[in-house]
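Reading the structure
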Amino acid sequence: MGEDRKMEFGDLLKVIGEFGRFQKLLVFLLCIPNFLTPFHMFGQVFIVTEVTHYCNTSWIRGFGWNLTEVEELNLTVPRKSDGSLEECRMFTPGQGSLQFNSTEKCRDGWVYPEVPQPTLRTEFNLVCDRKNLNDISQSILMAGVLVGALVFGPLSDRIGSRNMILFSLFLMGSFGIGAGFAPNLYVYIALRFVVGSAFAGISISMAALSSEWVGASYRPLAMIITHCCNAMGQMALAGLAYGIRNWRLYQIVGSVPALCLFFYIWILPSSARWLVTRGKIEEAKKVIRRAASINKRSVSEELLNKLAPEKKAKSGDVLDLFRKPHLRKLLLIMAWVWFVDSLVYYGVSLHVEDFGLDIYRTQLVFGAIELPARASCIFLLQWLGRKKCQAGWLLLAGVICLIIPAIPKSNVEEDSH
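The structure displayed is predicted, hence computed values, not measured ones. (Residues numbered from 1 in each chain as written. Predicted model: local features only at pLDDT ≥ 70, side-chain atom pairs only at ≥ 80, totals over all residues. Heavy atoms only, no water.)

Turning our eyes to something else, we now look at the overall build of the chain. Looking only at helices and strands, the chain features 19 helices and four strands. Over its C-alpha trace the chain gives a radius of gyration of 27 Å, far above what one expects of a compact globule, namely 22 Å for 417 residues. Relative to its 417 residues, the chain shows a buried fraction of 41%. In the chain, once contacts between residues fewer than 6 apart in sequence are set aside, the share between residues at least 24 apart is 73%. Carbon and sulfur atoms form 63% of the exposed surface of the chain, whose accessible area is close to 22900 Å². Of the side chains in the chain, 43 bear a positive and 35 a negative charge, and the two mean positions are spaced by 12 Å. (Helix = DSSP H or I, 4+ residues; strand = E, 2+ residues; numbered from the N terminus. Rg over C-alpha atoms; globule rule 2.2 N^0.38 Å. Buried < 20%, exposed > 50% of the residue type's maximum accessible area, 1.4 Å probe, protein only. Contact = heavy atoms within 4.5 Å. Areas by Shrake-Rupley, 256 points an atom, 1.4 Å probe, with all protein chains shown as cover. Lys, Arg positive; Asp, Glu negative; His and termini not counted. Charge placed at Lys NZ, Arg CZ, Asp CG, Glu CD.)

Below is the structure:
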């Protein structure tokens, strides 16, 4: 008799509505964090743009010679074959004289004559031998994403996707603001590592919360809508970075909105499915009644009383994914797909400056292109299915990646003017 009273949450979801006003409001709430994440994931591209620089040779003034700035540069900094100043070398200073037959690395930092606002590159001197630190910092950000996925994914199952979203938003906002006050590059990198972890926590938990409240037939639509908001965030990133050139101010302005979502504490719903699995039946009933009310549906107490924790299946471990041939094959294929997809997507997105075009317009176009690409998946998934869609998009991306290097550089430079 006890077994007859049990009811699956998926069946109850059909009663209260699989994609009613409640679910649409939830998707809207999840769209806002998705809109904000590009400010953190791709923002560094705009605060480390290439700038003109050369060695700081103010030491020549100690000789007591009355020289103009141009004369100082001519005497202390060698020139390239095209007449421009060497960026990473200077003439070796001697005792009261200069040795024009030998050069050395910059001793006292660099000068950036054309930078009105401080950037991450100019403030921490990410040029010459230190140039690779920019790429290293981006790699550490991605390492944070990896660690966040490994830590916050399982933690989301324990504390609930709602709580994980709130916690991750707090981390992203507070540590993002903290990065704007970093006294040196290493503190900045450490703070950005936490931001990357928070990004993973937000992404995983939002996908879980959405799928647990939205009916199975509407889940692709809900996910694609939130992804489209991410594309709009990339477009907004171009405007934000164009309007704010001071890198510290950019970090603060781009991070504050995440903290402004503190009101989610009161309006973001918990997953009723998760509450049921945790045995919190009364809390689950309360959330379900609220969802039914917003959807203008009625749910009887009789149905609610049928809610009961599901029997716990035998717990497994990660090794089970490799022991079973079908799971092992699926895991390896999806791991490779995600690896390739991330390598190409982030590899291109984090190097928009290398296209030789205006970086802000390029970023705007990147975001705009993603809108129809993501939106088209609503229909392509129904028409072709997931497998063919995945294969088709990967093939198209691969072909385009092969075509891009074949485009003559002269044509790109002409188009940029």
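Anyway, onward from the coordinates.
For the rest of this paragraph, the subject is the nonpolar core. Counting 73 residues, the largest nonpolar core has Ile 16, Leu 120, Tyr 188, Trp 213, Tyr 250, Leu 268 and Ile 288 as its most contacted members. In terms of residue count, the dominant contributor to this core is helix α8 (residues 185-213) (twelve residues). In contact with Ile 288, not counting residues within four places along its chain, are Phe 9, Leu 12, Ile 16, Trp 213, Ala 272, Leu 304 and Leu 307. Judged by nonpolar contacts, the second largest core, of ten residues, contains Trp 59, Cys 106, Trp 110 and Tyr 112. (Core = buried A, V, L, I, M, F, W, Y, C linked by side-chain atoms within 4.5 Å.)

Moving on, we come to the state of the cysteines. Counted by the stated rule, this structure contains two disulfides. A sulfur-sulfur separation of 1.8 Å characterises the disulfide bridge that pairs Cys 55 with Cys 106. Residues Cys 55 and Cys 106 are joined through a disulfide that is left-handed, its torsion about the S-S bond being -65°. Linking Cys 55 in strand β1 (residues 54-55) with Cys 106 in the loop between β3 (98-105) and β4 (110-111), this pair joins segments that are 51 residues apart in sequence. The pair Cys 55 / Cys 106 is uniform in exposure class, with both members buried. Numbered by order of appearance in the sequence, the disulfide-linked cysteines of the chain pair as 1-3, 2-4. Cys 31 provides the cysteine sulfur closest to Cys 229, a residue in no disulfide bond, and the two sulfurs are 3.1 Å apart. Between Cys 377, a free cysteine, and Cys 389, which holds the nearest cysteine sulfur, the sulfur-to-sulfur gap is 6.0 Å. (Disulfide = S-S within 2.5 Å.)

Note on placement: Leu 261 falls in the loop between α10 (247-259) and α11 (264-267). Excluding residues within four positions of it along the chain, Leu 261 makes contact with Ile 32, Pro 33, Leu 36 and Leu 169.

Let us now look at the packing of helix α9 (residues 219-243) against helix α17 (residues 359-384). Think of two packed helices as two axes; the pair is described by the angle between the axes and how far apart they sit. Direction vectors running N to C along α9 and α17 enclose 175°, while the axes themselves pass 8 Å from each other. Classified by the interaxial angle, the pair formed by α9 and α17 is roughly antiparallel. Broken down by class, the residue content of the contact of α9 with α17 amounts to 19 nonpolar, five polar and two charged. (Axes fitted to C-alpha atoms, helices over the stretch in contact; angles between N-to-C directions. Parallel < 35°, antiparallel > 145°, perpendicular 65-115°, else oblique. Nonpolar A, V, L, I, M, F, W, Y, C, P; charged D, E, K, R; others polar.)

Once that is clear, we can look at the packing of aromatic side chains. Under the criterion given, the structure shown has 14 aromatic pairs. A ring pair is formed by Tyr 242 and Tyr 360, whose centres lie 5.3 Å apart and whose planes are at 85°; its orientation type is edge-to-face. One end of the pair, Tyr 242, is in helix α9; the other, Tyr 360, is in helix α17, and 118 residues separate them in sequence. Both rings, one in Trp 336 and one in Phe 339, keep their centres 5.6 Å apart while their planes meet at 25°; by these two values the pair is stacked. Here Phe 339 and Trp 336 lie together in helix α16 (residues 325-349), a separation of three residues that amounts to about one turn. A residue is classified by how much of its surface remains accessible, and Phe 339, at 48% relative accessible area, is partly exposed. (Phe/Tyr/Trp six-rings, centres within 6.5 Å; stacked < 30°, edge-to-face > 60°.)

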